[in-house]
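An overview of the molecular structure
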Amino acid sequence: MQSLHDDSRFYKIYNEFMRNYVSRFFGGKISYSQHPKMRVHLAGTSSVSLWHRDVDITHRPDQINMWVPVTDCFSSNSLFVESDYGRSDYRPIDVRYGEVLFFDGGYLSHGTVDNATNKTRVSFDLRFSVLRSPLPALAQAIIGNRPG
Ligand SMILES: [Fe+2]
C-alpha cells in the first residue's frame, strides 16, 4: 500500500470517504492523514504494537483515531484499549467487519497482544482532526473528556 500513488483508485476512494462521509459526522470540516496505515496481525503471531499513546509519537493532540478492521476482531486478534485515561486496564475491543471504532488514541493507551486466535486481523488506522470550534458533539464525546 505504501507504494500506491496518490492518484491510485485506493486513495481516490479513501479521500472521497473521508471528505464526503466521515466529515459529515464532525461538522463537515476535517483534516486527515493522507496515507492511512494498513495493519495485518497474523493468527498465532506475537504482538504487533506495544502499549502506547499516539500523541507521544505524532505530537498531534488534536487527532481522533478511526480504526477500521476489515475482518472480525475479537479477543486477542483485536486492538486493546485502556478503559479510561491512565488506567492501563487493557481490554480487547470487539469490532465486527463493517463496524468502525472511534477513540482517543492520542491519549488513551492502546496496543495489541499475541494473537492466540486462529483469525488474522486486517485493519486500517485512520486519523483526523476536527476543524470546528466548538467541537461537534461526536468529537466532544470522543476527545472532550481528557484529563487536565
Ligand atoms: Fe496507536
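Throughout what follows, the structure given in this document is the object of discussion. (Residues numbered from 1 in each chain as written. Predicted model: local features only at pLDDT ≥ 70, side-chain atom pairs only at ≥ 80, totals over all residues.)

**Looking at the overall build of the protein chain**
Inclusion rule: By definition, any uninterrupted DSSP run of H or I lasting at least four residues is a helix, any uninterrupted run of E lasting at least two residues is a strand, and each is numbered from the N terminus. Two things to know: the radius of gyration comes from C-alpha atoms, and the globule rule equals 2.2 Å times the number of residues to the power 0.38. Each residue is classed by its C-beta neighbour count within 10 Å, where at least 20 other C-beta atoms makes it buried, 12 or fewer makes it exposed, and intermediate counts make it partly exposed; the C-beta atoms are placed from backbone geometry. By the convention adopted here, residues make contact when the C-beta atoms placed from their backbones lie within 7 Å.
Looking only at helices and strands, the protein chain has three helices and eight strands in total. Across the protein chain, helices and strands are ordered from the amino to the carboxyl terminus as α-β-β-α-β-β-β-β-β-β-α. Here the C-alpha radius of gyration of the protein chain, 15 Å, is about what a compact globule of 148 residues would show, namely 15 Å. Each principal axis of the C-alpha atoms in the protein chain carries an extent, and together these give about 45 × 40 × 25 Å. Evaluated residue by residue, the protein chain yields a buried proportion of 23% over its 148 residues. Put simply, 77% of the contacts in the protein chain that link residues at least 6 apart link residues at least 24 apart.

**Notes on the nonpolar core**
The condition is simple: In this usage, the nonpolar core is the set of buried Ala, Val, Leu, Ile, Met, Phe, Trp, Tyr and Cys residues whose C-beta atoms join them within 7 Å.
With 15 residues, the main nonpolar core has Ile64, Met66 and Ala139 as its most contacted residues. Of all the secondary structure elements, the ones that give two or more residues to this core are strand 3 (63-69), strand 8 (121-130) and helix 3 (137-143). Dropping the residues within four chain positions of it, Ala139 is found in contact with Phe26, Ile64 and Val130.

**Regarding the sheet that holds strand 7 (residues 110-111)**
Rules: Two strands pair under a simple rule: DSSP has to find at least two bridges between them.
The strand order 5-4-7 describes an open sheet built from three strands, whose pairing is antiparallel. A strand with exactly one partner marks an edge of an open sheet, and here the two such strands are strand 5 (91-92) and strand 7. Taken together, the two bridges between strand 4 (residues 80-81) and strand 5 define a ladder with antiparallel strand orientation. The partner of Phe80 across the bridge, within strand 5, is Pro92.

**Let's talk about the pairing of strand 8**
One ladder, built from three bridges, connects strand 1 (residues 30-32) with strand 8; its direction is antiparallel. Considered in strand 8, the bridge of Ile30 is made with Val130. Alignment of strand 2 (residues 37-41) against strand 8, held across five bridges, turns out to be antiparallel. Directly across from Lys37, in strand 8, lies its bridge partner Asp125. Examined bridge by bridge, strand 3 and strand 8 share seven bridges and lie antiparallel to one another. Bridge pairing links Pro69 to Ser123 in strand 8.

**Re unusual backbone geometry**
Note the cis peptide between Ser133 and Pro134, where omega equals 0 degrees. Along the chain, Pro134 turns up in the loop between strand 8 and helix 3. Of note, the phi angle at Ser75 is positive, near 50 degrees, even though the residue is not glycine. Checked against the element boundaries, Ser75 lands in the loop between strand 3 and strand 4.

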